[in-house]
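Chain residues, written in single-letter form:
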Amino acid sequence: MSESSSDHQAPTILLVDDDAAIRLMVQEALEQDGFEVREAEDGVSAISSFSRSRPDAVLLDVMMPGMDGFAVCAALREQPAGQHIPILIMTGLDDVDSINRAYEVGATDFISKPISYITLPHRLRYMLRAKRTADDLMESRARLSSAQRIAKLGHWMLDMRTNQVAWSEEIQTLFGLPLRRTGAYEELLEFVHPKDRNDVKREMSNAIVKREPYSLEFRIVRPDGTEQFVNQEAEICLDEADGGMRIVGTLQDISERRLAEKQIRELAYLDNVTGLPNRTLMNEHIGRALANAQRDKHRASILFLDLDRFKRINDTLGHSAGDELLKIVAKRLAECVRQSDVVGTELACRYAMPSERGTGDTVARLGGDEFVVMLSKLNRSEDAAVVARRICEALSHPITLGGTEVYVRTSIGISIYPDDGETAETLLKHADAAMYHAKAQGRDRYQFFTASINARALERLVLETNLRNALQNDQFELHYQPKFDIQREALVGMEGMLRWVHPDLGLVSPSEFMTVAEETGLIVPIGEWVLRSACTQAQAWCRAGHADLRASVSLSGVQFRDEGLERTIVECLEQSGLPPGLLGVEFSEAVLMDNADPGVAILNELKSVGVHLSIDDFGTGYSSLNNLKQLPIDALKIDQALIRGIENDPKDAAIVCGIILLAHSLGLKAVAEGVEEESQLEFLRERGCDQAQGHYFGGPMPGAEATRWLAEREGPEMRSAAR
């Protein structure tokens with residue numbers, strides 16, 4: 001039937017006959033039986049009507065003037081819509097040649113005249129039902145073929161008696177076979193990869209002996225030399241009639257799946273930047289290496305490495321440069337241990353499952369700028385130090401990244417099996433603790449694990465845990481120290497200083513927890529709390545009548561690198577209602593040195609907000625004077641270590657005088673920190689220093705006490721604030 005027809009629609013018949021009387025009688029018989037009839041009186045009009053009406057079947061007379069029925073039938077079969085249409089030829093010719101000719105030109109069947117009008121409808125319905133069955137079969141085969149093509153799946157059958165294989169079109173495409181569908185079994189076997197051929201033969205032989213199905217994955221080599229992975233499923237079929245045996249099976253191209261599995265293994269076990277083993281694979285490798293060490297009674301070692309100041313390079317040159325640096329470092333580390341073992345392990349990582357990998361010396365990247373070296377067999381513990389020194393030396397050579405020459409150093413912690421632990425977890429933890437100790441000792445060095453380091457590591461862990469709880473439990477306070485204009489003898493500001501009031505430990509000095517806060521990243525939420533608290537307190541003082549009192553806070557290097565710094569400051573100002581000019585932000589020279597060009601951009605952003613900017617502890621760092629003049633800052637704060645020596649050390653006095661002159665020449669204020677004696681104050685005033693703070697004026701006070709202190713002052717003179 002046509003695409004528009006269904007079982008509930010009247011079938012359309014194209015009736016072609018030059019005899020009008022016959023057309024009338026046939027039409028009446030068919031319409032009474034539920035058919036819809038279209039008529040054509042000759043061959044030409046029949047072909048035209050067929051194209052327009054798309055009938056479900058054609059009833060065609062043979063003997064017609066001009067174009068006879070044979071020619072019409074042949075012409076209809078040449079049209080795409082006519083290739084499978086049922087065509088019933090009506091003929092008065094009863095010779096065999098005419099009947100054969102009818103079938104040759106494509107007739108479905110023939111009916112002799114005179115026509116039985118009673119049986120004709122049944123004849124047509126039978127033809128249409130057969131057509132629907134054939135259409136369903138063709139559609140099913142087409143869907144199956146399409147599904148097999150999409151799944152890259154083909155089927156085959158091997159006749160064991162003849163040794164001949166019949167295969168589907170999909171297998172022909174998969175193998176790149178000639179345009180035929182049969183061949184000898186050995187012909188297909190030649191396409192199997194030579195290293196897999198014996199496996200294929202063995203599986204088939206076992207299946208024949210056991211009469212069991214089998215499944216096998218192997219490689220084939222196409223005529224163009226490309227390799228593909230295939231999965232073969234097959235079973236044995238016995239012919240009960242003659243006892244013959246056949247093997248029937250499927251073959252599916254699984255190359256994409258195998259590639260995906262390989263990529264998944266690499267994602268699961270390899271670092272995507274350096275290609276080295278990742279933490280998961282390294283733990284498995286260490287476990288096997290330690291098992292061998294225990295069995296063979298030898299030592300092993302873990303070296304835990306952290307690149308010194310890697311984040312500065314990453315932030316300054318960009319993440320792509322940082323990734324390139326990690327690749328170069330990985331290569332140098334690999335060259336520092338036994339080369340053959342490392343290369344062998346890395347190649348095994350790429351193509352083998354974890355259980356298949358070796359246990360030689362291995363380099364792994366744990367994440368960020370952390371690496372681990374596993375030395376699987378040592379004669380002496382000191383041999384680990386030899387490798388550590390080699391690593392430090394290898395990394396000391398400059399690295400060029402995008403035309404910029406950089407230097408990278410590393411801190412290394414070393415743990416020894418079995419002295420420092422007998423499990424991968426313990427040895428890694430102890431090597432990590434030793435690495436932190438190496439950093440604390442000055443970086444660019446290695447450190448063996450000791451019991452005292454473990455104690456300090458535990459203390460650090462406890463401190464970190466308490467520090468996390470401190471922010472949640474509101475244990476932080478801001479203490480405020482007055483800042484005076486020493487030329488006008490007027491109070492101009494209060495510097496907020498962070499204090500931690502622990503319920504058990506009491507007042508914890510910032511020197512004890514700031515380093516941990518910065519290394520763990522906790523300084524960012526803590527710093528946000530400091531900014532919010534300072535803005536809120538300063539606005540309260542402003543409403544109380546201290547409209548010109550500026551509150552200032554210090555920023556650490558980690559805060560300075562935080563992308564949300566400007567947004568945080570703006571939010572704190574907006575939420576508190578504090579005018580931007582009454583907030584001061586201070587940062588050290590070291591912060592600028594670590595951030596370079598990005599630091600200038602951040603300062604410009606903060607300056608655009610309107611806050612007051614100062615360089616803290618000036619005079620002890622390494623600020624470039626050329627860079628200094630480009631910074632949008634308002635003040636230089638002279639380090640208190642220089643102030644302590646101005647009366648006794650001519651060099652300190654000269655440096656202080658130089659900083660004051662430098663500040664004024666750049667249009668900046670000079671602020672002295674740590675003023676404790678009146679003689680120091682007089683020295684600074686005489687040299688033109690603008691502002692000062694220190695215990696001479698008053699020490700840091702909690703917010704409530706500072707508020708009372710402000711209320712009790714009787715005037716603007718700074719002497720009223722003296723001890």
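Residues numbered from 1 in each chain as written. Predicted model: local features only at pLDDT ≥ 70, side-chain atom pairs only at ≥ 80, totals over all residues. Heavy atoms only, no water.

(A) Here's a closer look at the state of the cysteines. Evaluation of the coordinates by the stated rule reveals zero disulfides. Cys336 supplies the cysteine sulfur nearest to Cys392, a cysteine that is in no disulfide, at a spacing of 9.2 Å. Since its relative accessible area comes to 15%, Cys392 is described here as buried. The closest cysteine sulfur to the non-disulfide-bonded Cys572 is located on Cys535, 5.3 Å from its own sulfur. For Cys572, a relative accessible area of 2% translates into the label buried. (Disulfide = S-S within 2.5 Å. Buried < 20%, exposed > 50% of the residue type's maximum accessible area, 1.4 Å probe, protein only.)

(B) Fine view of the sheet that holds strand E3 (residues 57–61). Reading across the sheet, the five strands line up as E2-E1-E3-E4-E5 and stay open at both edges, with parallel pairing between neighbours. For this open sheet the edge positions go to strand E2 (36–40) and strand E5 (109–112), each flanked by a neighbour on one side alone. For this sheet, the mean inter-axis angle between neighbouring strands, taken without regard to orientation, is 20°. The sheet contact formed by E3 and strand E4 (residues 87–91) spans four bridges and is parallel. Across the sheet, the residue bridging to Leu60 is Ile89, located in E4. Sitting on the sheet, helix H3 (residues 69–78) touches E3 and E4, and the angle it makes with E3 is about 155°. (Pairing = 2+ DSSP bridges. Helix = DSSP H or I, 4+ residues; strand = E, 2+ residues; numbered from the N terminus. Axes fitted to C-alpha atoms, helices over the stretch in contact; angles between N-to-C directions. Contact = heavy atoms within 4.5 Å.)

(C) Examining the sheet that holds strand E18 (residues 445–448) more closely. What the five strands build is an open sheet, ordered E13-E14-E12-E17-E18; its pairing is mixed. If you trace the sheet from one side to the other, it starts and ends with strand E13 (362–367) and E18, each paired once. Ignoring which end each strand starts from, the neighbouring axes of this sheet average 20° apart. Across nine bridges, the pairing between strand E12 (residues 299–308) and strand E17 (residues 409–417) is antiparallel. By the bridge assignment for E17, Ser301 is matched with Ile416. Along the sheet, helix H10 (residues 279–296) makes contact with E12, E13, strand E14 (370–378) and E17, crossing E14 at roughly 15°.

(D) How the structure looks around the pairing of strand E6 (residues 153–159). Here E6 runs beside strand E11 (residues 245–253); their pairing, made up of seven bridges, is antiparallel. Considered in E11, the bridge of Leu153 is made with Gln252. Pairing of E6 with strand E7 (residues 164–167) involves four bridges; the strand directions are antiparallel. Within E7, the position partnered with Trp156 by the bridge is Trp167. Counted along the chain from E6 to the antiparallel partner E7, the turn is four residues long, and its residue Asn163 has a positive phi close to 65°.

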